Each structure stands twice: as C-alpha cells, then as structure tokens.
Amino acid sequence: MSLTIGIPRELFAGEKRVASVPDVVEKLIKLGFAVRVEADAGAAANFSDEVYQSAGATIAGSAAELWAGSDLVFKVRAPTAEEIALMKPGTTLISFIWPAQNPELLQQLAARKVTVLAMDCLPRTLSRAQKMDSLTSMASISGYRAVIEAANAFGRFFNGQITAAGKIPPAKVFVAGAGVAGLAAIGTAANLGAMVRANDTRAEVADQVVSLGGEFVKVEYEEEGSGGGGYAKVMSEGFQQAQREMYARQAKEVDIIITTALIPGKPAPRLITAEMVRSMKPGSVIVDMAGEQGGNCELTVPGESVVRHGVTIIGYTDLPSRLAKQASTLYATNLLRLTEELCKTKDGQINVNFEDEAIRGLTVIKAGEITWPPPPPKVVAAPPPKPSAATPAPAKKSAHGHGESEPMAGGSLAAIFGVGAVLFWLVGAFAPASFLSHFTVFVLACFIGYMVIWNVKPSLHTPLMSVTNAISSIIAVGALVQVAPPLSGAAEGRPSALILGLAVVALTLTAVNMFGGFAVTRRMLAMFRK
C-alpha cells in the first residue's frame, strides 16, 4: 500500500511558503504516493485548493485530519508543540529543524517515535546532493530580496544617470559575505547599476565576486577562512581586528551594506558596530540577513526595520517568504528530489537508507532514536599510483616555451631547400609568364593570410573566416569575363552556350557566398558587442 504525503498549512507567524506546489504534487503522485493538502495551505503563496485538486491531491479540512491521515509530512518551518501532539507514531517528517539550535525540539519529536529528516543538515559537500540543497535555494532568494528591500528603503536610483536636472551618481553597495546569498545580492545589485564591493574570509570566492560585476575587498591579514561544508570558520582575533578596520572604512564610503555572515551552530558574528552605523551617511541602508541568528549589526532588531542615527537597518527574518511563490516552488523541487532518493522503486514506499551518505546526514531521528549528529564523512583514500612504463625523455623547449624535437641535421635541411629551389626553377623555366606572375601572387597571399589569421584572437576566428570566405570569391571575376560580350563584337569571340551557362551558375553561387558571408559576419560580430 502506498504512503500518503501530507502538506500542512504553516503556523509560524508571517510564513507564506508552502512545502509543495501543484506541479510537484503531480510528480509525487507519479512516484506512487497519495497527496493530501490542508485547506488553504498554499493560499498565501497564490496556490488555491482547486489547483491542488486538479493536480490530483485531496484536501483535508483541518490540521488534525491531515496529520492523522499522513504517513509522510512535508513542512517548511519546524513543527510547533500543537503539531507535534497531532503526529502519530511512525510518521516521517521532512522539514527545516536546526537541531543544533533546538535540542528540546529533538527530544519532543523523539518521544513521538517518529522519523525526522532535517533539510538544513544535508551534507553540502556532496555533488549529488545539490539537487536537494534547499539552503542554497532559499539563500539565493534571500540575497535577491535583500537588494530589493534595500532599493525600496534607499532614497535614490541604484544606477547612475545624467539628466537635464543634473547628474545622479550610482549607489555604492558593500556585501559582507560572498556565500550563496551574498553572490545573489552582488549579482542583483550589479544588474541594477550599483557599484558593488564585497568581502569574504574565503579568498577563493574573489573570482566569483568579480565575475558577477563586483570588486573584492581584501582584508590586509593572511589567514585561511574556509570551514567545513562550504561555510566560513571563526577567524582569529588578529584577523577580526583587521576586518573591523576594513568594515569601518567601507561604512564611511558606501550607501548600502548587506550582511550575510553566518557560522553553523553559532550566533551570527558582529561585523557592524554602532560606531560604524553612526559614521554612515544619513539615508544609508543596512540589510542584515543574519537577523534570525542575532544579526551581524549591533543595532539590528530581528524581524523589524528600524532607523538608527539616520540609517535604516532592516532585520527581516522572512526574506524567502516575501517571494512566497518562487520560494515554495524551489523548496518543493528540493523535496521532490529527496523523495526520489527515498523512493527509488517508485512504488509509494520510502527507504531511509543509512548507507547513503546524503540520507544519513539528513536523518536526525529514526524511529524515535536521535541520530544527530551524523558520523564524520568517510575519507576515501587516494588510489595507489599505477606503475607506468619508462617515460621518454622530455622534449626540449624552444625559446617560446613550446616542446620540440631535436633540431634537423644540416644535410637534411640543405636537401629540402635544394629540392624546393629545383621545383621553383622548373616552374620559372617552363611555365608561361602569366602563370608565373599569378603563382607569385598566390604564394604571397597564402603567407600574408596565414600571418594575419595567426594574430587574430581565437574567439574571432569564425567571423573572420566568414568574411574572408566572402572576399575570396574571386571566381566572380572569371564568371563576369565569360558573361560579358567581347569588345570587338565578333561572333567567334562569344563563349559557347555551355560555357555561358556554367558562368551564370558560378556567378549566382558566388553571389550567394559573398553576401551570405558578410551577413554571417555582421550577425556574429553583434554577439561581441554589449
């Protein structure tokens, strides 16, 4: 008998997301599951009960009815005490749990003899787990929305403009932290026309910042900042002091600061002090995306937007929920990919397989037994090097750095030049004078053409070849000579009908080649223009 998936309405204040959407419900049903949705569960995200019903789901009139009839429950927020009381033993819950911050919640869930998979505990270092990574999905939405909130609170355009009324400078945005959320904020702000700067303790993200149109601001202190699982680690006091000095300089210069710094299992690090806020220009904006974990700014009020010292400080904790439809769709897709891993047989049954490293990392409670934290990931030993045959001696390098073989012997080189000289003498001695002149032009054209193409960037080779293809249609000259009437008007000077027909065909094809070559070149060069 297939299991029933339940989608309850979220009870957390202000939460508009829903754990599944109609398009995903159809795919869950194809996996063999039955799906029940609590009445109005998706209303805040603009998904009506009728749309869920048309996708194949049934509607439960109350939360008690939904929990009683569900074997597998999908949620966004961690369950409340009232919801835990409605859970029947043996239920499997998939939701955000945050076990490190909620040990009492784990105990309450374990007492109900349920199995719990925490979406926030996915091992993010596994490449195959990226399709289930809801933290990344939500962080990208949060980064985008943070810039939108900043633009709404900011008193000017983001992009610079020159109007009849005067010149408007572009906004200066500083992003603290270049993880998923930070990179999303950098890309959004840059696309809106702002001058974007960013910093992160992980030096390897500098190229990503630049690729999105930002400027990476480096802390003048050498220390590696990468932590486990793609997160940053807690830095030394020396680094933190140098970082604070850099933030203080940026606070005086920029118009908008967006902070994203979080460390798993710990309160958000304080990056922006009250003194830095006081030094900012009136009308500036700070968006603190770490508000739910205490905030990166000393003056942040979690969940609220406040004004301190003339600076608007936004500490909203529901940024993904402010794009409820998009966030629900991405989260539902992450849950679908997880369900596919749990139900590989597509028969409406799940298997919480601890041999699967991703599933083991997600599972915080199994059948009432707390299994969090998971064991450390297995370290796969590098395979021993294969014995290789004796390698040939490396080729010598030329002055340009290219490998080359031994130089040719002097006798062989002289023989090649001698044969070439004889061939040219034969051509000059027996070929007509007109052929010799054409042959000389041909050799020079080949040499010049090679040297020209050799110095062109590889990215422009295709448009270059298309235009040279058009220009090289010199056969049109020969066809025109045959088609044109002789100057004397004598009948014996006219070409035969066959020659004339071939000339017309050649002229037609050559015209297509010429005009087509120029058209292709024009379209391809347009791809390189911004």
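Refer to the structure above for everything that follows.
Residues numbered from 1 in each chain as written. Predicted model: local features only at pLDDT ≥ 70, side-chain atom pairs only at ≥ 80, totals over all residues. Heavy atoms only, no water.

Caption draft 1: Expanded view of the overall build of the chain. For the chain, the count of helices and strands is 17 helices and 19 strands. Counting across all 530 residues of the chain, residues that qualify as buried make up 39%. Counted over contacts in the chain with a minimum sequence separation of 6, partners at least 24 positions apart contribute 62%. As presented, the chain carries roughly 29200 Å² of accessible surface, and 62% of it is formed by carbon and sulfur atoms. (Helix = DSSP H or I, 4+ residues; strand = E, 2+ residues; numbered from the N terminus. Buried < 20%, exposed > 50% of the residue type's maximum accessible area, 1.4 Å probe, protein only. Contact = heavy atoms within 4.5 Å. Areas by Shrake-Rupley, 256 points an atom, 1.4 Å probe, with all protein chains shown as cover.)

Caption draft 2: Examining helix α7 (residues 180–191) more closely. For α7, built from 12 residues, the straight-helix expectation of 16 Å at 1.5 Å per residue is met to within 8% by its first-to-last C-alpha distance of 17 Å. Counted residue by residue, α7 has nine buried out of 12 residues, so it is predominantly covered. In the core, the buried residues of α7 are packed alongside α6 (134–153), β9 (172–176), β10 (195–199), α8 (206–211) and β12 (256–259). Just downstream of α7 lies Gly-193, where phi reads positive at about 100 degrees. (Expected span 1.5 Å × (residues − 1).)

Caption draft 3: Molecular detail of the side chain of Lys-75. Inspection of the secondary structure assignment puts Lys-75 in the loop between β4 (72–74) and α4 (81–86). In this structure the side chain of Lys-75 is engaged in a polar contact, spanning 3.5 Å, whose partner is the side chain of Glu-83. Discounting chain neighbours no more than four positions away, the residues touching Lys-75 are Pro-8, Glu-10, Ala-19, Trp-67, Glu-83, Leu-93, Ile-94, Ser-95, Phe-96 and Tyr-331. (Polar contact = N/O pair within 3.5 Å; in protein donor to acceptor, adjacent residues only side chain to side chain.)

Caption draft 4: The pairing of strand β1 (residues 4–7), seen in detail. With burial as the criterion, each face of β1 is covered, one bearing Thr-4 and Gly-6 and the other bearing Ile-5 and Ile-7. Alignment of β1 against strand β2 (residues 34–38), held across four bridges, turns out to be parallel. Across the sheet, residue Ile-5 finds its bridge partner in β2, namely Val-35. Handedness of the β-α-β unit built from β1, helix α1 (residues 22–30) and β2 comes out right-handed. Examined bridge by bridge, β1 and β4 share two bridges and lie parallel to one another. (Pairing = 2+ DSSP bridges. Right-handed = clockwise from strand over helix to strand, strands pointing away.)

Caption draft 5: Structural view of a nonpolar patch on the surface. Among the surface-exposed residues, Val-419, Val-422, Leu-423, Trp-425, Leu-426 and Phe-430 lie close enough to one another that they form a single nonpolar patch of about 670 Å² accessible area. Taking relative accessible area as the criterion, Phe-430 reaches 65% and is therefore assigned exposed. (Patch = residues over 30% accessible without salt bridge, like charges linked within 9 Å, V, L, I, M, F, W, Y side chains within 5 Å. Salt bridge = Lys/Arg side-chain N within 4 Å of Asp/Glu carboxyl O.)

Caption draft 6: Quick look at the nonpolar core. One finds Ile-7, Leu-28, Phe-74, Ile-94, Tyr-331 and Leu-338 to be the most contacted residues of the largest nonpolar core, which totals 46 residues. Going through the elements one at a time, β1, α1, β2, β4, α6, α11 (324–342) and α12 (357–362) are the ones with two or more residues in this core. Here the element with the most residues in this core is α11; it accounts for eight residues. Residues contacting Tyr-331, with those up to four places away along its chain left out, are Ala-19, Lys-75, Val-76, Ile-94, Ser-95, Phe-96, Met-119, Ser-134 and Met-138. Core analysis: the next-biggest nonpolar cluster, separate from the first, contains 30 residues, Val-147, Phe-154, Val-175 and Ala-178 among them. (Core = buried A, V, L, I, M, F, W, Y, C linked by side-chain atoms within 4.5 Å.)

Caption draft 7: The environment of Pro-267, seen in detail. Position of Pro-267 relative to the elements: it lies in the loop between β12 and α10 (274–279). Using a relative accessible area of 66% as the deciding quantity, one classes Pro-267 as exposed. Distance in space between the C-alpha atoms of Pro-267 and Ala-290 is 9.0 Å, their sequence separation being 23 residues.

Caption draft 8: Layout of the packing of aromatic side chains. One pass over the full model with this rule turns up six aromatic pairs. Taken together, a centroid distance of 6.1 Å and an interplanar angle of 10 degrees make the contact between Phe-96 and Trp-98 stacked. For Phe-96, a relative accessible area of 8% puts it in the buried group. For the pair Phe-96 and Tyr-331, a centre-to-centre distance of 5.4 Å together with 20 degrees between the ring planes defines the contact as stacked. Of this pair, Phe-96 sits in the loop between β5 (92–95) and α5 (103–111) while Tyr-331 sits in helix α11, and the two are 235 residues apart along the sequence. Taken individually, Phe-96 and Tyr-331 each receive the classification buried, so the pair is uniform in this respect. In textbook terms, an aromatic cluster arises when at least three aromatic residues are bridged by ring pairs, as seen for Phe-96, Trp-98 and Tyr-331. Over the ring of Tyr-316 we find Arg-322, and its NZ or CZ is 3.8 Å from the ring centre. The aromatic ring of Phe-354 is capped on one face by Lys-366, whose charged end is 4.4 Å from the ring centroid. (Phe/Tyr/Trp six-rings, centres within 6.5 Å; stacked < 30°, edge-to-face > 60°. Lys NZ or Arg CZ within 6 Å of the ring centre and 35° of its normal.)

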